[in-house]
Amino acid sequence: MSTRHAVVLGGSMAGLCAARVLADHAEHVTVVERDVFPIDVADRAGVPQSRHPHALLVRGRRELERWFPGFDAGMVAGGALELDFLRDFAAYRETGWWKPMESGVRTLFASRALMESVVRDLLRTNPRVTLRDRTEAQGFVADTSGAVPRVTGVRVAARDGGATEALTADLVVDASGRSARTPEWLRALGVEPPEETIVDARAAYSTRWYRIPAERPADWWWRGIWIDPKDLPHDRAGVLMPIEGDRWIVALGGLGGNYPPTDDAGFDAALRALRSPLIADVVARAEPISPVYGNREMANRFRHYDRWTARVDGFVALGDAACKFNPIHGQGMTSAAVCAGILHETIARTGLASPELPRAFFTAQARFLRDPWTLATGADFRVPGTTGPRPPFTGLVARYMDAMLRAMADDGALRTTLAEVIHMLRPASALFAPGVVARVARHAWRSRGASRLAAALDAVQA
């Protein structure tokens with residue numbers, strides 16, 4: 001019997017997770033990565049977005065601990081902070097400052113570099129996995145003699161020179177991210193790639209890192225700060241997030257083409273222009289330890305492999321190579337980890353080399369991705385000028401979500417429900433459960449009545 005071999009294109013979180021689950025089904029797994037894998041905790045050159053805030057949702061934390069036992073311990077040993085957003089962040093939302101509360105939804109706050117480093121080090125202990133960095137994937141090797149093309153490997157070459165070689169594989173997994181070249185490789189096989197849906201709110205980040213002051217004023221009860229925009233797209237959002245090494249990541253988010261500045265003076269002025277001056281006041285006491293980093297590649301993009309009329313055996317795609325979210329919503333790493341688990345379950349049913357695997361996996365993956373895609377694009381469609389196909393009832397859902405966010409100012413149960421949905425612990429449908437809708441409606445009714453009373457009193461006083 002021949003040795004089963006799987007090749008993973010890309011060594012990001014999606015690729016590392018894919019390699020781990022494939023090691024349960026193949027005797028040998030090779031991860032092909034064009035960058036250098038850092039030995040220590042460091043950003044990879046080809047991932048400029050890693051310098052911006054990254055959210056590991058609770059579902060993602062659980063999935064990573066499931067596939068990489070010791071992940072939690074490694075993160076904590078590396079300095080990650082376990083925080084409850086609703087308790088530990090000063091959050092300025094549409095209705096003003098939210099009163100802190102315990103939600104029980106606790107996750108780890110850290111740099112992306114630390115997260116990747118912990119996962120990569122744990123993967124290196126798996127004897128079935130080979131990490132091959134500084135290697136460029138150049139195209140598929142395929143058998144096109146039958147009615148259905150089958151990918152049988154990938155052509156690779158060392159980036160520092162050397163001849164092209166073919167890595168044969170029973171399965172090739174594209175986890176190469178937003179820069180995936182697989183659509184052109186499919187065309188080279190005479191196969192049209194799947195259609196794409198793109199939803200673009202013209203969003204952007206600007207981010208700077210700071211050293212946390214040695215002494216904290218007594219009224220700094222919070223560990224992080226979150227400031228929502230009031231008037232989209234004219235206002236910007238701001239976040240101050242603690243990470244390992246006594247550092248803060250401070251970011252400005254702009255939507256609708258309101259791109260935040262990337263120069264030092266402009267960044268400071270934009271912090272001061274937020275709805276609250278708190279972040280600006282805080283960082284005035286801190287030491288900046290980085291330049292201002294910018295990122296404008298933030299559109300949502302869904303490659304609909306689940307609707308693909310073509311068929312190519314021996315190939316699947318996950319992570320950003322299949323579905324990329326606006327990173328402001330923090331769903332990417334968690335979704336990739338969950339989809340790796342879906343790949344594991346699908347292979348367990350079909351077999352690694354089964355011609356049924358790709359379609360079964362793409363269908364199951366799309367079923368999971370429906371919720372985070374709806375949440376991300378639904379939020380982005382609230383921004384005037386967002387482009388892309390609008391699903392039915394977008395306006396109605398947006399008004400309902402606005403009413404829910406207003407109700408959350410005084411309703412801790414609604415806050416917890418939303419937190420559980422955002423962290424993928426409950427489906428998006430939980431936001432529309434009868435009990436939740438009733439709470440939102442009661443608050444809207446009371447607020448409407450209070451507004452009418454205030455207007456009547458103003459009229460009398462006038």
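In this text the structure is predicted, and so the values were computed from the model without any measurement. Per chain, residues are indexed from 1 in the order of the written sequence. With the structure being a predicted model, the display of local features is reserved for residues of pLDDT at least 70 and the display and counting of side-chain atom pairs for 80 or more, all residues being used for whole-chain, interface and lining totals. Hydrogen atoms and water are omitted, and side-chain values are computed over all heavy atoms in the structure.

### Description of the packing of helix α11 (residues 394-408) against helix α12 (residues 412-422)
With axes taken as lines fitted to C-alpha atoms, and helix axes fitted only over the stretch in contact, angles between N-to-C directions fall between 0 and 180 degrees. Secondary structure is summarised from DSSP: a helix means a run of H or I of at least four residues, a strand means a run of E of at least two, and numbering begins at the N terminus for each. Two elements in contact, α11 and α12, have axes whose closest approach is 8 Å; the angle formed by their N-to-C orientations is 125°. Here α12 runs oblique to α11, going by the angle between their axes. Between α11 and α12, the contacting residues are Met401, Leu405, Ala407 and Met408 on the first element and Leu414, Arg415 and Leu418 on the second. Classifying every residue of the contact of α11 with α12 by side-chain character gives six nonpolar, no polar and one charged. Note on angle classes: values under 35 degrees are labelled roughly parallel, values over 145 roughly antiparallel, values of 65 to 115 roughly perpendicular, and the remainder oblique. Only heavy atoms enter the contact rule, under which two residues are in contact if any of them lie within 4.5 Å. Amino acids are sorted into nonpolar (Ala, Val, Leu, Ile, Met, Phe, Trp, Tyr, Cys and Pro), charged (Asp, Glu, Lys and Arg) and polar (every other residue, Gly among them).

### A word on the sheet that holds strand β21 (residues 323-324)
By this definition, two strands are paired if DSSP reports at least two bridges between them. Reading across the sheet, the three strands line up as β12-β19-β21 and stay open at both edges, with antiparallel pairing between neighbours. Two strands lie at the open edges of the sheet, namely β12 (196-199) and β21, each paired on one side alone. Of the pairings in the sheet, the one linking β12 to strand β19 (residues 300-303) comprises four bridges and is antiparallel in character. In the sheet register, Ile198 faces β19, and the bridge partner there is Arg301. Contacts between helix α10 (residues 357-380) and the sheet are confined to β12, β19 and β21, with β19 contributing the most and set at about 155° to the helix.

### A short note on unusual backbone geometry
Here the bond from Leu232 into Pro233 is cis, since omega is 5°, no more than 30 degrees from zero. If you check the backbone angles, Arg134 has positive phi at about 50° while not being a glycine. Among the secondary structure elements, Arg134 is positioned in the loop between β7 (129-132) and β8 (135-143). Exposure categories follow from relative accessible area, calculated using a 1.4 Å probe and restricted to protein chains: below 20% of the type maximum is buried, above 50% is exposed, and the middle band is partly exposed. When its relative accessible area of 45% is taken as the criterion, Arg134 is described as partly exposed. In this structure, Met424 is a non-glycine residue whose phi angle is positive, near 60°. In this fold, Met424 is placed in the loop between α12 and α13 (434-461). We classify Met424 as buried; its relative accessible area is 12%.

### Examining the packing of aromatic side chains
For any pair of aromatic rings, the description consists of the separation of the ring centres together with the inter-plane angle of the planes. Side-chain rings of Phe, Tyr and Trp, where Trp is taken by its six-membered ring, are said to pair if the distance between their centres is within 6.5 Å; with planes under 30 degrees apart they count as stacked, over 60 as edge-to-face, and otherwise as tilted. For the coordinates displayed, the defined rule picks out 15 aromatic pairs. When the centroid spacing of 5.2 Å and the interplanar angle of 75° are considered together, the rings of Phe140 and Trp185 count as edge-to-face. Here Phe140, found in strand β8, pairs with Trp185, found in helix α6 (residues 182-188); they are 45 residues apart in sequence, far enough to count as distant. With 5.3 Å between their ring centres and 85° between their planes, Tyr305 and Trp308 make a pair best called edge-to-face. An aromatic cluster is built from Phe140, Trp185, Tyr305, Trp308, Phe315, Phe361 and Phe362, whose rings are joined through pairwise contacts. The residue whose ring lies beneath Arg93 is Trp98, and the NZ or CZ to ring-centre distance is 4.9 Å. The aromatic ring of Trp222 is capped on one face by Arg216, whose charged end is 5.0 Å from the ring centroid. Sitting over a ring, as applied to charges here, requires NZ of Lys or CZ of Arg to be within 6 Å of the ring centre and within 35 degrees of the ring normal.

### Topic: the sheet that holds strand β20 (residues 315-317)
Pairing in this open sheet of five strands is parallel, and the strands run β7-β2-β1-β11-β20 from one edge to the other. Bordering the open sheet on either side are β7 and β20, each of which pairs with just one other strand. The sheet shows a mean angle of 20° between the axes of neighbouring strands, direction not considered. Sheet topology note: the strand β11 (residues 171-174)/β20 ladder contains three bridges and is parallel. Within the sheet, the bridge partner assigned to Asp174 lies in β20 and is Ala317. Those strands touched by α10 are β11 and β20, and its axis lies near 10° from that of β20.

### Overview of α10
One less than the number of residues in a helix, times 1.5 Å, gives the span that helix is expected to have. With 24 residues, α10 should cover 34 Å at 1.5 Å per step; its first-to-last C-alpha distance of 33 Å lies within 8% of that length. Bend, at a single residue, is the angle you get between axes fitted to the 7 residues ending at that residue and the 7 residues starting at it. Helix geometry: α10 is bent most strongly at Leu369, by close to 35°, with proline Pro372 lying one to four residues after it.

### Here we look at the nonpolar core
General note: in soluble globular proteins, nonpolar side chains tend to be found buried as a group. By nonpolar core is meant a set of buried Ala, Val, Leu, Ile, Met, Phe, Trp, Tyr and Cys residues that side-chain atoms within 4.5 Å join together. Leu22 and Leu343 are the most contacted members of the largest nonpolar core, which totals 83 residues. With near-sequence residues (within four places) excluded, Leu22 lies in contact with Ala6, Val8, Val29, Leu171, Val173, Leu343, Ile347 and Leu352.

### Here's the deal with the pairing of strand β13 (residues 204-211)
Buried residues dominate β13, accounting for seven of its eight residues. Looking at chain direction, β13 and strand β16 (residues 247-254) are connected through eight bridges and run antiparallel. By the bridge assignment for β16, Tyr210 is matched with Trp248. Bridge count between β13 and strand β18 (residues 293-295): three bridges; the pairing is antiparallel. Note on β18: the bridge partner recorded for Ser206 is Gly294. Bridging between β13 and strand β17 (residues 287-288) involves two bridges; their strand directions are antiparallel. Bridge pairing in β17 places Arg211 opposite Glu287.

### A closer look at the pattern of salt bridges
We define a salt bridge as a side-chain nitrogen of Lys or Arg found within 4 Å of a carboxyl oxygen belonging to Asp or Glu. Counted according to the given criterion, the structure contains 30 salt bridges. For the salt bridge of Glu196 with Arg303, the shortest nitrogen-to-oxygen distance reads 2.8 Å. Placement of the pair is Glu196 in strand β12 and Arg303 in strand β19, with a sequence separation of 107 residues. The structure contains a network of salt bridges with shared partners spanning Arg61, Asp72, Glu82 and Arg106.

### Quick notes on α11
The first and last C-alpha atoms of α11 sit 21 Å apart over 15 residues, in line with the 21 Å expected at 1.5 Å per residue. Residues of α11 that are buried: Thr394, Ala398, Tyr400, Met401, Asp402, Ala403, Met404, Ala407 and Met408.

### A few points about the confidence of the model for the protein chain
What pLDDT reports is the predictor's confidence in each residue, on a scale of 0 through 100. Taken as a whole, the protein chain shows an average pLDDT of 93; of its residues, 96% reach a score of 70 or greater. Counting contacts from residues 456-462, a segment whose pLDDT is below 50, to residues more than four positions away or on other chains yields zero contacts.

### Observations regarding the environment of Ala214
Inspection of the secondary structure assignment puts Ala214 in the loop between β13 and β14 (224-227). Residue Ala214 is classed as exposed on the basis of its relative accessible area, which comes to 85%. Considering only alpha carbons, one finds Ala214 and Asp246, 32 residues apart in sequence, at a separation of 8.9 Å.

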